[in-house]
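# Working through the structure, step by step
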Amino acid sequence: MSERRDDPRREARGYVLGYAAALLLTSVAFALVRWPVLASTATYALVLALALIQIVVQFRCFLHIGLKRSTRDDLQLILFSSLIIALMVGGTLVILFNLRMRMM
Amino acid sequence: MTAGETKHPGLNLGSTDAQAHEAAGSALFGFWAFLMSDAVIFALLFATYGVMLPATAGGPTPASEYKIGPTFLETLVLLTSSLTYGLASIAMKHGAAQASIQTWLGLTLALGLLFLGLELHDFAGMIAHGATPMRSGFLSAFFALVPLHGLHVLAGSLWIVVMMAQLRIIGLDARVKINLLRLGLFWHFLDIIWIAIFSTVYLPGLIP
């Protein structure tokens, strides 16, 4: 098992695959904005969705974050950081947009 | 048995160097904790940018300042540098010839510097239009967020130079290997921050 994982060809293939996926996701996002075919809200939502997919792909292929048991510590740290980020960013946006609405 | 385990984020040395692999576990986890706190700093600057976006004060707007072509080019350069760094770390892990590791690192460095050059050219263009950080809240938030990523890329580029020197002088010992793994995490992390930047700053600003 570990020999299979330590095979350089296999590892290089992982990076190249991640790179190809990242190129594809990036190109689609830029193309959607460059040649708009959808309404602007739909384009915006799709660009964000593509970014999220690409972030997961990069975590998987370049940073090798998996769901395997031995990597759980890293995954937990990422999930905890994501929770903190969601609370702080979400809170900031809610409070300040609410403030702006009331000041108008 | 422990050599087969995944011990940390990023490329694991595994059975190619069991001793360094053992030491890498805590060294890289600590660095990962730093990267996550860095991510929190970036996240708050993203939130600030989101709030400041309408505060253009009658000055330049995202649509007038952002350009899709150069942004796409910068993205391609940074993505490719992530691949070349990955190939450098595979060469390092499997004890490839010094020259091949140095070549991949040099290529990554060149792409990092090209990215910085393109970005500086963009900023210079914006400043020439009068889009300076002092002009409006929107521009202050923009210049707090995007150049901070640029500074990280600059730090990463200097770090690559240091690693190329360490590799030449010290050779591939356990410490140098662990430093290269850390730099790998940093470099791939910068790529992920850039995805967030082009998807929440540049592209939404250009949607008609």
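Everything here concerns the structure above.
The following refers to the structure shown.

What counts and what doesn't
- Residue numbers run consecutively from 1 along every chain, following the written order of its sequence.
- The lettering of chains begins at A and the numbering of ligands begins at 1, in the order of writing.
- Per-residue local features are limited, in this predicted model, to residues with pLDDT of at least 70; the limit for side-chain atom pairs, both in listing and counting, is 80 or more; totals at the level of whole chains, interfaces and linings are taken over all residues.
- Side-chain numbers come from the whole structure's heavy atoms, not from hydrogens or water.
- Think of it this way: any DSSP run of H or I at least four residues long counts as a helix, any run of E at least two long counts as a strand, and we number them from the N terminus.
- Three labels apply to residues, based on accessible area from a 1.4 Å probe with only protein chains included: buried if under 20% of the type maximum, exposed if over 50%, partly exposed otherwise in between.
- In what follows, residue pairs with any heavy atoms lying within 4.5 Å of each other are defined as contacts.
- The method behind every accessible area is Shrake-Rupley, applied with a 1.4 Å probe, and residues are considered shielded solely by the protein chains displayed.
- For the charge count, each Lys or Arg is scored as positive and each Asp or Glu as negative, with His and the chain ends excluded.
- Where a charge sits is defined by one atom per residue type, namely NZ (Lys), CZ (Arg), CG (Asp) or CD (Glu).
- Two parts placed together each lose some accessible area under a 1.4 Å probe, and the buried area is that loss summed for both.
- The term salt bridge refers to a pairing of a side-chain nitrogen on Lys or Arg with a carboxyl oxygen on Asp or Glu at a separation within 4 Å.
- By the criterion applied in these results, polar contacts are pairs of N or O atoms within 3.5 Å in which, for protein atoms, one can donate a hydrogen and the other can accept it, and in which residues neighboring in sequence qualify only through two side-chain atoms.
- Working definition: rings of Phe, Tyr and Trp (its six-membered ring) pair if their centres are within 6.5 Å, and the pair is stacked with planes under 30 degrees apart, edge-to-face with planes over 60 apart, and tilted otherwise.
- Side-chain atoms within 4.5 Å are what join buried Ala, Val, Leu, Ile, Met, Phe, Trp, Tyr and Cys residues into a set we call a nonpolar core.

A count of helical and extended segments in chain B gives six helices and zero strands. If you list the helices and strands of chain B from N to C, you get α-α-α-α-α-α. Considering chain B as a whole, with its 208 residues, one finds that 56% of them fall into the buried category. Taking all contacts inside chain B whose residues are at least 6 apart in sequence as the whole, residues at least 24 apart take part in 74%. A total accessible area of about 7,600 Å² is found for chain B, and carbon and sulfur atoms account for 72% of it. Averaging the locations of the 8 positively and 10 negatively charged side chains of chain B gives two centres separated by 5 Å.

This brings us to the interface of chain B and chain A. At the interface, 53 residues of chain B touch 50 residues of chain A. Counting each side, the surface lost to burial between chain B and chain A is near 4,400 Å², with a carbon and sulfur contribution of 76%. When the area that chain B buries against chain A is broken down by residue, the three leading residues are Thr6, Val51 and Ile192 of chain B, summing to 13%. Run the count over chain B and chain A and you get one salt bridge. Between Glu11 of chain A and Lys93 of chain B there is a salt bridge, with the nearest N and O atoms lying 2.4 Å from each other. At the junction of chain B and chain A, the tally comes to five residue pairs in polar contact (both at pLDDT 80 or more). Secondary-structure elements contributing two or more residues to the side of chain B that touches chain A are α1 (18-52), α3 (68-93) and α6 (174-206) of chain B.

Once that is clear, we can look at the packing of aromatic side chains. Going through the model one piece at a time under the given rule, you end up with 18 aromatic pairs over all chains. Where Phe30 of chain A meets Phe198 of chain B, the ring centres are 5.1 Å apart and the plane angle is 40°; that geometry is what we call tilted. One end of the pair, Phe30 of chain A, is in helix α2 (residues 8-34); the other, Phe198 of chain B, is in helix α6, on a second chain. A centroid spacing of 5.5 Å and a plane angle of 45° characterise the contact between Phe31 of chain B and Phe34 of chain B, whose relative ring orientation is tilted. Linking Phe31 of chain B with Phe34 of chain B, this pair stays in helix α1, spanning three residues, or about one helical turn. Since its relative accessible area comes to 37%, Phe34 of chain B is described here as partly exposed. Here a set of aromatic residues connected by ring pairs shows up, and it is made of Tyr49, Tyr66, Phe115, Phe123, Phe138, Phe142, Phe143, Trp194 and Tyr202 of chain B.

This brings us to the side chain of Glu119 of chain B. Residues and elements named next belong to chain B. Along the chain, Glu119 falls in helix α4 (residues 98-128). Look at Glu119: it is buried, it has no salt bridge, and the nearest opposite charge is Lys67 at 13 Å. The residues touching Glu119, leaving out its near neighbours within four places in the chain, are Glu74, Val146, Gly150 and Trp194.

Moving on to the nonpolar core. Of all hydrophobic cores here, the largest spans 88 residues; its most connected members are Trp32, Phe142, Val146, Val201 and Tyr202 of chain B. For this core, the secondary structure elements donating two or more residues are α2, α3 (40-61) and α4 (72-103) of chain A together with α1, α3, α4, α5 (137-169) and α6 of chain B. Ranked by residue count, the leading element in this core is α6 of chain B, at 21 residues. Excluding residues that lie within four positions of it along the chain, Tyr202 of chain B makes contacts with Tyr66, Thr71, Phe123, Phe142, Val146, Trp194 and Ile197 of chain B.

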